[in-house]
Amino acid sequence: MLRRLLKDKSAVVCVAFIVVVMAAGLLADTVPLNNPNKVNVLAKLQAPSFAYPLGTDHLGRCTLSRLVHGIRPTIFLSLLTMCCTIALGSAIGLLSGYFRGRVDEVVMRVCDVMLSFPSQVMILAVVGVLGPGMMNVVAANILIKWAWYGRMIRSSVIRYGEKGYVLFSKVSGTGAPYIVFRHLLPGVASELLVLASLDMGWVILNISTLSFLGLGVQAPTAEWGAMLNEAKDVMVRAPLQMLVPGVAIMTVVAAFNMLGDSLRDALDPKTV
Amino acid sequence: MLRRVLSCVFVCFMLLGIVFLFSPGEASASDRDDETLVYVNFRDIRDLNPHLYAGEMYAQNLLYESLVKITEKGIEPWLAEKWDVSEDGRVYTFHLRKDVFFTDGEKFDAAAAKANFDAVLDNIQRHGWLEMLRLMERVEAVDDYTLKIGLKEPYFPMLVELGVTRPMRFISPKCMKDGVTKDGVTGLIGTGAYILAENTVDQKAVFVRNERYWGEKPAIKRIVVRVIPDNQTRVLALEKGEIDLIYGKNMVDAESMERFAAMNGFKAALSEPVSTRMLLLNTTRGALRDVNVRKALQHAVDKSTISEGIFHGIESPADFLLATTVPYCDVGLKPYAYSMESAADLFRKAGWARSGKSFLRKDGASLELTLLYNANSVPERTIAEYLQSEWAELGVDLKILGEEEQSYRDRQKAGDFDIVFNISWGTPYDPQSFLGGMRTVVYGDYMAQQGLKEKAKLDESIVKALVSTDLEERRALFAYILNLLHDEAVYIPLTYERNRAVFNERVRNVTFNPSQFEVPFEKMSLEK
Amino acid sequence: MLFPMLLGISFIAFVLVNLIPADPAEVALRINDIQPTEEAIALMREELGLDRPFFTRYLQWLSKSTRFDFGATFTNANRTVAGEIARSLPATLELSAAALVIVIGSSLLLGVSCALYRDTLFDRSVRLFVFLGTAMPNYWVGLLLMWFFALKLDLLPTSGGGGWKNLILPAVTLSLTYISTYIRLIRNNMIENMSEEYVLYANARGLKQRTVVFGHVLRNSLHSCVTALGMSVPQLIAGAFVVENVFAWPGIGRLCISAIFNRDYPVIQAYILVMGVLFIFCNLAVDILHCFMDPRLRRSS
């Protein structure tokens, strides 16, 4: 699968782009940028210049610097959310799919209830109860998505579980953990990867939406959704502030979406 | 199959149509005409009971009137034509106008006035901030148009407190429930120049001129108030001609003021300084219990940058809780100069230390404070973000928390904050009502001052100052109060606020009342 | 299945809001401007029934909710939660309905056209637009549209509830995310179906291209779309809260956001319950519609 993926040029471009962005996020502190939190009210809403390549925001902070520093909350928090969601969902899905029986029944009912619940409403509910804050938003997102992954993994597990070598392992008396980790997981992993990269975009959009509403990241942390929230107040005076973070979100999400598509194509060339 | 799809689409259209039927009506530009002024507010008018505090003050001011009116020239007659004060200052006799009717036809006379006073006094615990009511002993209707009010002690701000926007204004006795208003009123009937014609909650309210008004009828026949919570949208609406006037110091930011002042077809107006914008430090919380920490923060605020950068010079930097021009407030206080070094020194003195660029630490905890601001107020949010950045340089971990109006007030009253924005109340409430308000839970002052050792003495002094008839004694008491608050660094004054307005040129004679919360629509007119 | 789900949602809503730290008795006192002394709080707790055990409270709340009595809001003692919801829900439904119409109309049009003219410039540009559309945050699109149409061109009002003019921008913004999905879905389904054998057969029989496309291919392509569409309706309603916020559309989403910033827990609680119930009923309606439309399922169900 990897070979097929590498042959796809657009996938390679996407991966490269994402890697570059993440590296920029990680190295944000070491690269010589202006201090993203340094307020200079006398220099607010300036047009792009040499000192401030993308201009300044309503408090005189360097937009480019905030953009780069914003990579961390936007992308890495999304990654964290995805990892936790997948871990939780996979664990439950694997166990449920492998053991079947009563456990499976109960777990699937719970998943059904969770899935039938409108996700946006749940997010608002959790944030409403816990209060605005980054970790609360992450928790809310995990709470919503795990059921979906649980379901997906479970059906994959059941499908793989019917395969010859797994039945053979079972019959020959191999322990359950061994079967789960050595046989089922690798098969399921590639599907997981596709789902994850397609979903990554959704999570990024979700987190930035909540920050946009003021429910996620709190001041003064730079985050792309929060930057858009601040930019909308000065839309008339400085429209550039509104374009920059939006374009950033769009390109990153598009890259992840494209990657997901390519992965899916690489996994199963029949799907167009 | 195609038929099925088409029927689905048809059903959707039907749904749309049905929902349109039930949807709120058009709040369109058809509101604006030669006789209508379109105003804007960030929220609904809410509950316009004149004896309570749950409604918008500009609206209460349109509907209800007081015995006396507060103007720049002083106290003038309003519903009372003239009045006498007894020798000992304890009995006020008001001679009421004989030609005033409520808009439901009821006569405004001494009996109606007394009914109103009784209703307000019935709910006295709600009005603890108004010393006048606490001192009111009896209210008598001597004859049809004479009202006598007896106080337990002489009280020099009596007339001023009678004239404020609320609670002492008059509603038709027919609107009271069982003779009281604390459980609500059955109608919003006053004697004022305008009547509330309709209100679509959270969308728009319409006021029409009272055609049987006893005094000089205002020029504008109809006022439509649209509800637009977002600052940017309000500014846009004004620019596009959807509204005529934005009025109020927190409703329009300095940038927009400058823009509209320079724009063709629009004007901007600024009042004299009205009140002090400040930060209130909670002396009962954490690090703020130490007066040195509070003093350090005093030195860490660059008021001239705030004034220039955030307010574009419209609001001047404030060094004292109440400007020296406010009566009794020129007491020779020494300002806390802006000096990061002094601040750092004071932190050290208080035992807070930092290593390099980290936050200040003491006893294993870092210096973390939360600044509470009103999410609806643009200047408050900007100042909060500014201070967050500035104080981080000193090593103070300032978190900022924005909440909506109700929750914001709630927290203040509960004392559930470290630092919160506060304002003095402005003319005519300063200094007496503002200081008087510190004795009970009105905003956050009472709870925040609980950590002061001399709080009890402070409260007593405030009461004595208000009832004292001896000018020298009063001056001395006010001096003590202001000195104490200044030395204990409970308040960090930021700027002296000015009321402001931006409006379409067709609105004429936009002025400012002494009270910043009222909008003098009755003085405005529209150019045809 | 229906009843336990309803119960489950109501339970979640109740539990969630009971987790909050604020004391409802104290808040109720303060918004009425009564000093929260010890006795007053105790009295209020009794009045609100807070001293009773958890399940009793839950059942009480549940029974009151079925009668649409959610109590008064925390922000304004004069307004009931039910009243607030009754006021804002129609606005959200109106917005969602408008968005739905736009979604159906545009995606049918563009999806079919793309399938018919596949791999032309038109097809490629639409696909690019679709691709970017799913990547753009919808509130950003809303802001851009607002800036362009309401500010620069001054064609439409910037915000607020009202007539059809105020509805256009929010509805278009809301529909954008879904249009992208459906154009793609319709196009892919049609392309797949067009290569099926029966098409070849129909063509061989001499049927007009138009009949073949609209009569047969489209029919079959739309099947999965209708299902997906049905599931999107509740998503559309719930997801409107961002668009409502940007355009100050007085809907239920905006009510909830405002309640979160006001710590107005009764409203949040009622919002969860109402939306949950709405969801369940929408899904039920879709299931029924699905059965109705597909004779295969009808026979088996």
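What counts, and where the lines are drawn
Residues numbered from 1 in each chain as written. Chains lettered and ligands numbered in written order. Predicted model: local features only at pLDDT ≥ 70, side-chain atom pairs only at ≥ 80, totals over all residues. Heavy atoms only, no water. Helix = DSSP H or I, 4+ residues; strand = E, 2+ residues; numbered from the N terminus. Buried < 20%, exposed > 50% of the residue type's maximum accessible area, 1.4 Å probe, protein only. Areas by Shrake-Rupley, 256 points an atom, 1.4 Å probe, with all protein chains shown as cover. Contact = heavy atoms within 4.5 Å. Buried area = accessible area lost by both parts, 1.4 Å probe. Salt bridge = Lys/Arg side-chain N within 4 Å of Asp/Glu carboxyl O. Core = buried A, V, L, I, M, F, W, Y, C linked by side-chain atoms within 4.5 Å. Pairing = 2+ DSSP bridges. Polar contact = N/O pair within 3.5 Å; in protein donor to acceptor, adjacent residues only side chain to side chain. Axes fitted to C-alpha atoms, helices over the stretch in contact; angles between N-to-C directions. Expected span 1.5 Å × (residues − 1). Bend = angle between axes of the 7 residues up to and from the residue. Domains from an automatic or database assignment.

Right, let's get into the overall build of chain A. In terms of regular secondary structure, chain A is built from eleven helices and zero strands. Secondary structure of chain A in N-to-C order comes out as α-α-α-α-α-α-α-α-α-α-α. For chain A, the spread of C-alpha atoms along the three principal axes comes to 75 × 45 × 35 Å. Looking at chain A as a whole, 56% of its 272 residues are labelled buried. On chain A, roughly 11,600 Å² of surface is accessible, and the fraction owed to carbon and sulfur atoms is 69%.

As a further point, take the overall build of chain C. When you go through chain C residue by residue, the secondary structure sums to 13 helices and zero strands. Ordered by position from the N terminus, the helices and strands of chain C form the series α-α-α-α-α-α-α-α-α-α-α-α-α. The buried share of chain C, reckoned over its 301 residues, is 52%. Considering only residue pairs separated by 6 or more positions, chain C has 72% of its internal contacts joining residues 24 or more positions apart. Counting only carbon and sulfur atoms, one obtains 64% of the accessible surface of chain C, whose full area is about 13,900 Å².

The next subject is the interface of chain C and chain A. Every contact between the two is made by 41 residues of chain C and, on the other side, 40 residues of chain A. Counting each side, the surface lost to burial between chain C and chain A is near 3,600 Å², with a carbon and sulfur contribution of 82%. Taken as a group, Phe131, Tyr139 and Trp140 of chain C account for 17% of the area that chain C buries against chain A, more than any other trio of residues on that side. There are one salt bridge connecting chain C and chain A.

Ranked by internal contacts, the top residues of the largest apolar core, which has 150 residues, are Phe94, Phe207, Trp391 and Phe521 of chain B. Dropping the residues within four chain positions of it, Trp391 of chain B is found in contact with Leu279, Leu297, Ala300, Val301, Val396, Leu398, Ile419 and Ile492 of chain B.

Bringing the pattern of salt bridges into the picture now. Across all of its chains, the model carries 43 salt bridges over all chains by this definition. Among the ionic pairs, Asp397 of chain B bridges to Lys399 of chain B, the shortest N-O distance being 3.1 Å. The buried category is assigned to Asp397 of chain B, whose relative accessible area is 13%. Note that Asp123 of chain C is salt-bridged to Arg187 of chain C, the shortest N-O span being 3.0 Å.

As a further point, take the pairing of strand E3 (residues 74-77) of chain B. Residue and element names in this part refer to chain B. Both strand E2 (residues 68-71) and E3 contribute to a ladder of four bridges, which runs antiparallel. Within E3, the residue paired with Thr71 across the bridge is Gly74. Between E2 and E3, which pair antiparallel and follow one another directly, the connecting turn spans two residues.

Turning next to the interface of chain B and chain A. Listed per partner, the contact involves 19 residues of chain B and 20 residues of chain A. The junction of chain B with chain A conceals about 1,600 Å² of combined surface from both sides, 53% of it contributed by carbon and sulfur atoms. Per-residue buried area on chain B facing chain A is highest for Gln232, Glu255 and Glu385 of chain B; these three make up 31% of the total on that side. The interface formed by chain B and chain A includes one salt bridge. Where chain B meets chain A, there are five residue pairs in polar contact (both at pLDDT 80 or more). Secondary structure elements with two or more residues in the side of chain B that touches chain A: helix H6 (231-239), helix H7 (254-262), helix H9 (303-310) and helix H11 (378-394) of chain B.

Now for the sheet that holds strand E6 (residues 136-143) of chain B. Residues and elements named next belong to chain B. Taken together, the four strands give an open sheet; going across it, the order is E4-E5-E7-E6, and neighbouring strands pair in antiparallel fashion. On the outer flanks of this sheet lie strand E4 (80-85) and E6, each paired with one strand and no other. When strand polarity is set aside, the average angle formed by the axes of neighbouring strands in this sheet is 20°.

Every α-helix carries 3.6 residues per turn, so stepping three or four residues along brings you back to the same face. Helix length check: helix H8 (residues 164-194) of chain C (31 residues) gives 39 Å between terminal C-alpha atoms against 45 Å at 1.5 Å per residue, more than 12% under. Along H8 of chain C, the sharpest kink reaches roughly 40°, centred on Leu176 of chain C.

Let us now look at the domain arrangement of chain A. All names here are of chain A. Here the domain parsing of chain A yields domain 1 (2-35 + 58-69 + 218-267) and domain 2 (73-212). Between domain 1 and domain 2, the C-alpha centre-to-centre distance is 26 Å. The interface of domain 1 with domain 2 comprises 26 residues on the first partner and 21 residues on the second. For the domain 1 and domain 2 pair, buried surface summed over both sides reaches about 1,900 Å², with 78% attributable to carbon and sulfur atoms. Seen at the junction of domain 1 and domain 2, the total is zero salt bridges. Joining domain 1 to domain 2, the criterion identifies three residue pairs in polar contact (both at pLDDT 80 or more).

What follows deals with the pairing of strand E12 (residues 266-281) of chain B. Residue and element names in this part refer to chain B. In this sheet, strand E19 (residues 491-504) lies alongside E12 in antiparallel orientation, the contact comprising twelve bridges. Paired with Thr276 across the bridge in E19 is Tyr496. Bridge count between E12 and strand E18 (residues 419-423): five bridges; the pairing is antiparallel. If you follow Met278 over to E18, its bridge partner there is Asn422.

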